[in-house]
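These are the residues of each chain, in order.
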Amino acid sequence: TDHSVTRSGELVETNFTVRTTAKTFAILSSGLYSDKIAAPIRELCCNAYDAHVAAGNTDTPFEVTLPSSLAPTFSVRDYGTGMSDEDVRNLYTTYFDSTKTSSDDMIGALGLGSKSPFAYTSSFSIESRYNGQKRMYAAFINENGVPALAALMDAVDTDEPNGMTISFPVKTADISKFAERAKRILMYFPVPPLVSGYYGFSPYALSHTVEGSNWKIRTTQYDAHMTGAYVIQGCVAYPLDVSILDGLSEVALAVAGTSLDMFVPIGDVEVAPSREALSYDPITCANLIKHLENAAVEMRDSIQETIDKCDTMWAARRTINKMFNDDKMSA
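Residues numbered from 1 in each chain as written. Predicted model: local features only at pLDDT ≥ 70, side-chain atom pairs only at ≥ 80, totals over all residues. Heavy atoms only, no water.

### Section: the overall build of the protein
When its secondary structure is counted, the protein shows seven helices and 13 strands. The principal-axis extent of the C-alpha atoms belonging to the protein is close to 75 × 70 × 35 Å. The 331 residues of the protein split such that 42% are buried. The long-range fraction of contacts in the protein, counting pairs at least 24 apart against all pairs at least 6 apart in sequence, stands at 65%. (Helix = DSSP H or I, 4+ residues; strand = E, 2+ residues; numbered from the N terminus. Buried < 20%, exposed > 50% of the residue type's maximum accessible area, 1.4 Å probe, protein only. Contact = heavy atoms within 4.5 Å.)

### A closer look at the sheet that holds strand β10 (residues 215-220)
Across the sheet, which stays open at both edges, the five strands sit in the order β9-β10-β13-β11-β12 with mixed pairing between neighbours. On the outer flanks of this sheet lie β9 (206-211) and β12 (236-239), each paired with one strand and no other. Recorded for the sheet is a direction-independent mean angle of 35° between the axes of neighbouring strands. One ladder, built from four bridges, connects strand β11 (residues 230-233) with β12; its direction is antiparallel. Within β12, the position partnered with V231 by the bridge is Y238. (Pairing = 2+ DSSP bridges. Axes fitted to C-alpha atoms, helices over the stretch in contact; angles between N-to-C directions.)

### Looking at the environment of G113
Looking at the secondary structure, you find G113 in the loop between α3 (85-91) and β3 (123-130). For G113, a relative accessible area of 10% corresponds to the buried category. In this structure G113 touches Y33, E43, L44 and N47, once residues within four positions along its chain are discounted.

### Some remarks on unusual backbone geometry
Phi is positive for N131, which is not a glycine, with a value near 50°. Judged by relative accessible area, N131 falls into the exposed class, the value being 56%. Unusually for a residue other than glycine, C235 sits at a positive phi of about 75°.

### So, the nonpolar core
Formed by 66 residues in total, the largest nonpolar core has its most connected members in F74, I126, L260 and L292. Sequence-distant contacts of L292, defined by excluding residues within four places in its chain, comprise L240, L245, L248, A252, A256, L260 and M262. Membership of the second largest hydrophobic core comes to seven residues, among which are Y188, Y204, M226 and Y230. (Core = buried A, V, L, I, M, F, W, Y, C linked by side-chain atoms within 4.5 Å.)

### Looking at helix α2 (residues 38-54)
Between its first and last C-alpha atoms α2 spans 24 Å; for 17 residues at 1.5 Å apiece the expected length is 24 Å, and the two agree. Across the 17 residues of α2, 14 count as buried, placing the element largely inside the fold. Positive phi appears at G56, one or two residues downstream of α2, with a value of about 65°. (Expected span 1.5 Å × (residues − 1).)

### Let's talk about the side chain of T121
Locating T121 in the fold gives a position in the loop between α3 and β3. A distance of 3.2 Å separates a polar side-chain atom of T121 from the backbone oxygen of S123. Setting aside residues up to four positions removed in sequence, T121 forms contacts with F168 and P169. (Polar contact = N/O pair within 3.5 Å; in protein donor to acceptor, adjacent residues only side chain to side chain.)

### Some thoughts on helix α1 (residues 22-31)
Along α1, the residues that are buried comprise T24, F25, L28, S29 and S30. Looking at the buried side of α1, the elements it contacts are β5 (147-151).

### Section: the packing of aromatic side chains
Applying the stated criterion to the full structure yields ten aromatic pairs. Relative to F178, the ring of F74 has its centre 5.6 Å away and its plane inclined at 45°; by these criteria the two rings are tilted. On the criterion of sequence distance, the pair formed by F74 in strand β2 (residues 73-77) and F178 in helix α4 (residues 175-185) is long-range, its members being 104 residues apart. Of the two residues, F74 and F178, neither departs from the other in class, the shared state being buried. In textbook terms, an aromatic cluster arises when at least three aromatic residues are bridged by ring pairs, as seen for F74, Y120, F168 and F178. (Phe/Tyr/Trp six-rings, centres within 6.5 Å; stacked < 30°, edge-to-face > 60°.)

Listed below in C-alpha cells is the structure:
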C-alpha cells in the first residue's frame, strides 16, 4: 500500500504507540476470539499445516489429540521444521512477528495464532524437536497478567523427527465441545490429521456435486450447520456476507445464495486477525465479486450443458425440476 503523504509547512507530528500492559496482551491473546474453544484448535492446526508446508512434508498428516475423561488434554503435534531455542524464545514471545508474513503458501502471517491457547487457558506447554534435540517450555500468564515463557528442562538428545507439539489442559465440562468444534474445523484440510483421544471421531461429512474452476456446491451433514456460501482460503472456511458486496449481478447473487464453497488462493482475501471472518476491504470485495461472477458464468454453462445432453424435452424438464427441488441449488 502506498502511504506517501503530502505535507504543507512544518507540522509537529507524534506517532501512535501501543502500551504493552496486561490488558493489551489479554485483548491480543483472548479478546480477539469470540469462540475461545474453536480458536486454539483452528490456530494450532493451521500452524501445524504451515509447518508441514515449510518442511515440504505436506503429504504427512499432523496429529491431533482430543481431550477425554481419562486424559483431559488437547494437543497438536506436527512433523515440520521444529524451532531452535532462539526461535522459540523470539517468536513465541513476540506478537505480530511471523516468519510467514511474506508467503502466500502459508495460512499464518500475524504471529498471533501461536498465542491462541491463552484464549482458553492461562498456561500451555511447548515441545520443540529440532535437529536431534528436544526442548520443553511453559507459556503462562504471570503474576502481572503478562504472558511469559520459561524453559522446563535443558535440551536432551532425541531421534524423533523435527516438529512441534503444543498442549494444554481442558476442563472436563468442555471435553465434548472440543470434539464438536474439531469436527467442523478439520473438514477442509487436504490431508486429514490423525485424530486420537475421542472414540469414533471424524470430521463432519463433506462432499461436492456441481463444480467449476474454483467453486463447488457443498453437501454436508446437518450437524455442521453450514448454510449459504463460504469462502475457503488456507483450509479455513469463512461465511460469505454477500450484503457487503456492491454491484453483483442478479445471477451472481443467486449463486451466492446456494451452498457454494468458493476456493481462493491464500492472499486473495483478507481475514480478520481472529481468523473467524473475512475482512471486507476494497481489494477483498473486488476479488470476491470477480470469483462470484466467474462462478455464475460457469454454473450457468454447466447447467445448460447438462440440459443439452438430455435426449428428450421430458428428460430436460425432469432435470430442471430436480435442480430446482435441490435445496443446494434452489436459488
